[in-house]
Amino acid sequence: MDSHTHFDIAVGGEDRTPTEDEVDEAIAAAVAVGVPRLVQVGVDVASSRWSAALAARHPNVLAAVALHPNEAGAGAATEQALAEIDRLAGQPRVRAVGETGLDRYRTGEDGWAAQEASFRAHIDIAKRHRIALVIHDRDAHEHVLRVLEEEGAPEHTVLHCFSGDAGFARACVERGYVLSFAGTLTFGNAGYLREAAALTPLDQLLVETDAPFLTPAPLRGRPNSARLVPHTVRALAEVTGVPLEQLCDALTGTAERVFGPWEQDSPQ
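Thoughts on the packing of aromatic side chains
The geometry of an aromatic ring pair is captured by the separation of the ring centres together with the interplanar angle, meaning the angle of the planes. Inspection of every chain in the model, using the stated rule, returns 3 aromatic pairs. Look at Phe162 and Phe168: their rings are 5.5 Å apart centre to centre, the planes differ by 10°, and that puts the pair in the stacked class. A single burial state applies to Phe162 and to Phe168, both of which are buried. Where Phe162 meets Phe181, the ring centres are 5.6 Å apart and the plane angle is 55°; that geometry is what we call tilted. Taken together, the residues span a long stretch of sequence, with Phe162 in the loop between β6 (157-159) and α8 (166-174) and Phe181 in strand β7 (residues 178-181) at a distance of 19 residues. The burial state of Phe162 is the same as that of Phe181; both residues are buried. Put simply, the rings of Phe162, Phe168 and Phe181 pair up and form one aromatic cluster. A cation sits over an aromatic face here: Arg104 above Trp112, 3.9 Å from the ring centre. Seen from the ring of Phe187, Arg220 lies directly overhead, with NZ or CZ sitting 3.6 Å from the centre.

Below is the structure:
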């Protein structure tokens with residue numbers, strides 16, 4: 001599976017909405033290489049609505065909805081916007097609230113308070129709807145852990161595109177969080193990520209593309225897509241020493257535990 005992708009951007013680009021046929025073709029390309037389970041992720045109200053609609057019509061897709069922390073830091077986390085995320089989170093094939101969290105790289109200090117307030121609101125939405133929380137964490141590891149401790153993390157909490165070292169991985173694993181690794185795991189300078197992945201229990205591992213971003217080696221420089229997730233899965237098998245078939249079974253099991261089954265209308 002691909003636990004985190006953005007078909008709207010990967011297929012349509014930043015300035016247009018892709019057609020249904022274009023999206024269906026991209027999904028079919030992923031299915032053709034053995035990736036039949038996909039989580040389409042929203043980053044604002046418009047993309048969250050689009051994600052929920054795609055999941056509602058497509059059996060291979062579940063959705064996550066949220067206001068991205070950089071959107072929140074820019075003032076987008078209004079009462080009205082959060083109410084719409086809350087409404088979308090109640091739809092049967094919306095199985096996560098995300099990506100939410102904290103970003104202290106792209107958002108300046110003047111936006112940190114708004115980011116944190118939005119993060120707390122998203123945690124509350126996820127817990128009330130009893131669905132997973134998908135976290136964007138950039139240069140904010142300790143602050144993410146602090147907010148989760150203060151608010152109480154949902155039962156299923158995923159660190160999307162895990163970017164920490166072994167020490168941070170241990171802290172997350174001890175708390176029961178799930179670590180999702182992207183194409184960055186394959187980068188030559190990412191030894192710290194491989195160390196983090198190696199110590200993560202199988203039942204706390206996910207894999208993702210974050211397409212169209214973070215294309216895995218050896219294809220860096222090209223747009224990423226869900227059909228390229230096998231490159232990262234193979235790298236994860238190498239890092240963990242787990243046979244590929246066993247790893248794929250474990251990743252699927254974790255995904256269905258976190259997001260619920262793809263083939264039914266509501267999570268178990």
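Now, onward.
Details of the sheet that holds strand β2 (residues 38-41)
Ordered by their spatial adjacency, 8 strands build an open sheet running β1-β2-β3-β4-β5-β6-β7-β8, and the pairing between neighbours is parallel. Of all strands in the sheet, those with a lone pairing partner are β1 (2-5) and β8 (205-207), marking the two edges. For this sheet, the mean angle separating the axes of adjacent strands, direction not counted, is 30°.

A word on the environment of Gly152
Counting through the fold element by element, Gly152 comes out in the loop between α7 (141-151) and β6. For the pair Gly152 and Arg120, spaced 32 residues apart in sequence, the C-alpha to C-alpha distance is 9.7 Å. For Gly152, the contacting residues outside a window of four places in its chain are Ile123, Lys127 and Val147.

Quick look at the packing of helix α10 (residues 229-240) against helix α11 (residues 244-259)
Interaxial distance between α10 and α11 falls to 10 Å at its minimum, and their mutual angle equals 110°. In terms of their interaxial angle, α10 and α11 are classed as roughly perpendicular. At the point where α10 passes α11, the crossing takes the right-handed sense. Residue-level contacts link Val233, Arg234, Leu236 and Ala237 of α10 to Leu244, Leu247, Cys248 and Leu251 of α11. Of the residues contributing to the contact of α10 with α11, the split by class is 7 nonpolar, no polar and 1 charged.

Here is what the cut-offs are and how they apply
Residues numbered from 1 in each chain as written. Predicted model: local features only at pLDDT ≥ 70, side-chain atom pairs only at ≥ 80, totals over all residues. Heavy atoms only, no water. Phe/Tyr/Trp six-rings, centres within 6.5 Å; stacked < 30°, edge-to-face > 60°. Buried < 20%, exposed > 50% of the residue type's maximum accessible area, 1.4 Å probe, protein only. Helix = DSSP H or I, 4+ residues; strand = E, 2+ residues; numbered from the N terminus. Lys NZ or Arg CZ within 6 Å of the ring centre and 35° of its normal. Pairing = 2+ DSSP bridges. Axes fitted to C-alpha atoms, helices over the stretch in contact; angles between N-to-C directions. Contact = heavy atoms within 4.5 Å. Parallel < 35°, antiparallel > 145°, perpendicular 65-115°, else oblique. Left-handed = near helix turned anticlockwise from the far one by under 90°. Nonpolar A, V, L, I, M, F, W, Y, C, P; charged D, E, K, R; others polar.

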